[in-house]
Amino acid sequence: MLLEVEGLCVNYGHIEAIRDISFGVEEGTITTLIGANGAGKTTTLKTISGLRPVRAGRIVFDGTDITHLPPYERVKMGLSQSPEGRGCFPGMTVRENLDMGAFVRKDTRTPAYQQDLDRVFDLFPRLSERVNQMAGTMSGGEQQMLAMGRALMARPKVVLLDEPSMGLAPKLIAQIFAIIDEIRAQGTTVLLVEQNAAQALKRSDSAHILETGRIIRSGPGRDLAGDASVKAAYLGGD
Ligand code: ATP
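Residues numbered from 1 in each chain as written. Predicted model: local features only at pLDDT ≥ 70, side-chain atom pairs only at ≥ 80, totals over all residues. Heavy atoms only, no water.

Under the heading Sequence similarities (unreviewed entry), UniProt records this for the protein chain: "Belongs to the ABC transporter superfamily." (UniProt positions renumbered as here; feature names shortened; annotations may be inferred.)

Trainee: Mind laying out the sheet that holds strand β8 (residues 189-193), listing which residues take part and the relevant values?
Mentor: In spatial order, the strands read β6-β7-β8-β3-β9-β10; together these 6 strands make up an open sheet with mixed pairing. Each edge of the sheet is formed by a strand with only one pairing partner; in this case those strands are β6 (79-82) and β10 (214-219). Here the strands of the sheet are splayed against their neighbours by 20 degrees on average, with no regard to which way each runs. Where β6 meets strand β7 (residues 158-162), 4 bridges bridge the pair, whose relative direction is parallel. (Pairing = 2+ DSSP bridges. Helix = DSSP H or I, 4+ residues; strand = E, 2+ residues; numbered from the N terminus. Axes fitted to C-alpha atoms, helices over the stretch in contact; angles between N-to-C directions.)

Trainee: Can you lay out the site of the ligand for me, pointing to particular residues and giving the numbers?
Mentor: Surrounding the ligand, one finds 13 residues, the nearest of these being G38, G40, K41, T42 and T43. One of the side-chain N or O atoms of N37 is found 2.9 Å from an oxygen atom in the ligand. Considered class by class, the residues forming the shell around the ligand number 4 nonpolar, 6 polar and 3 charged. (Near = heavy atom within 4 Å. Polar contact = N/O pair within 3.5 Å; in protein donor to acceptor, adjacent residues only side chain to side chain. Nonpolar A, V, L, I, M, F, W, Y, C, P; charged D, E, K, R; others polar.)

Trainee: Summarise the domain arrangement of the protein chain; cite the residues concerned and give the values.
Mentor: A common way to express how large an interface is: the accessible area buried when the components associate. Domain boundaries in the protein chain define domain 1 (3-78 + 156-234) and domain 2 (89-155). The straight-line distance from the C-alpha centre of domain 1 to that of domain 2 is 23 Å. Each side of the interface is counted separately: domain 1 has 21 residues, and domain 2 has 14 residues. Where domain 1 abuts domain 2, roughly 1400 Å² becomes buried across the two surfaces, and 74% of that area is made up of carbon and sulfur atoms. Taken as a group, V75, P156 and I179 account for 33% of the area that domain 1 buries against domain 2, more than any other trio of residues on that side. Inspection of the region where domain 1 meets domain 2 yields 0 salt bridges. (Domains from an automatic or database assignment. Contact = heavy atoms within 4.5 Å. Buried area = accessible area lost by both parts, 1.4 Å probe. Salt bridge = Lys/Arg side-chain N within 4 Å of Asp/Glu carboxyl O.)

The following block contains the structure:
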């Protein structure tokens, strides 16, 4: 396993947001967490990124226990997150946002940096047309793409994507999922949180359903997508 979460418990004060969660993410796969609002999906991603402290349990990445490492050390090791919603720096241009994603590498004038920038522009041509636009003036979909692009600029082994299709028009949702497939095809492991469960499950090697801070079901995405009770509860019965 490239990433392993073992017995994770996370609190906000007295609220137990995550209760004894364990799962693994295998290299080269897409792993998805689905669940209702407030189930603890975002908290799980934030804790893996180091933005929330753990109350109990541990997180192992690439053979190293990272449970208590600061976020930037995790980014350096190859773990980067694309946050939910408009998580860009609004007062910075597209290019400056992407440079922020590459901050841990300190090599923004090297061929490797240029290669990564080209990769992001290939995945998101819209961003290349708007390099000098202020992020805060872009549409929701464009900002979503920028947040994903910024996460990829750290050249991660695992990218954590928090609801990348949230609030997007159907055509753009299909585009985002195609891009997620492409990111995986290029060799980056994906840990995905999605409300758009049907789309997410059908392309997931592995998936977990969270309910009030616990994992209640796990399995290959296609199996869960075909399960009658999962369909009824999470896929709108379709
Ligand atoms: P959503 O799909 O609505 O984003 P989620 O599955 O990502 O939901 P979380 O955002 O992880 O869920 O929230 C898990 C629980 O922790 C919820 O009960 C939520 O109210 C609580 N929670 C989240 N953030 C905070 C916070 N900053 N302070 C207090 N409680 C919080």
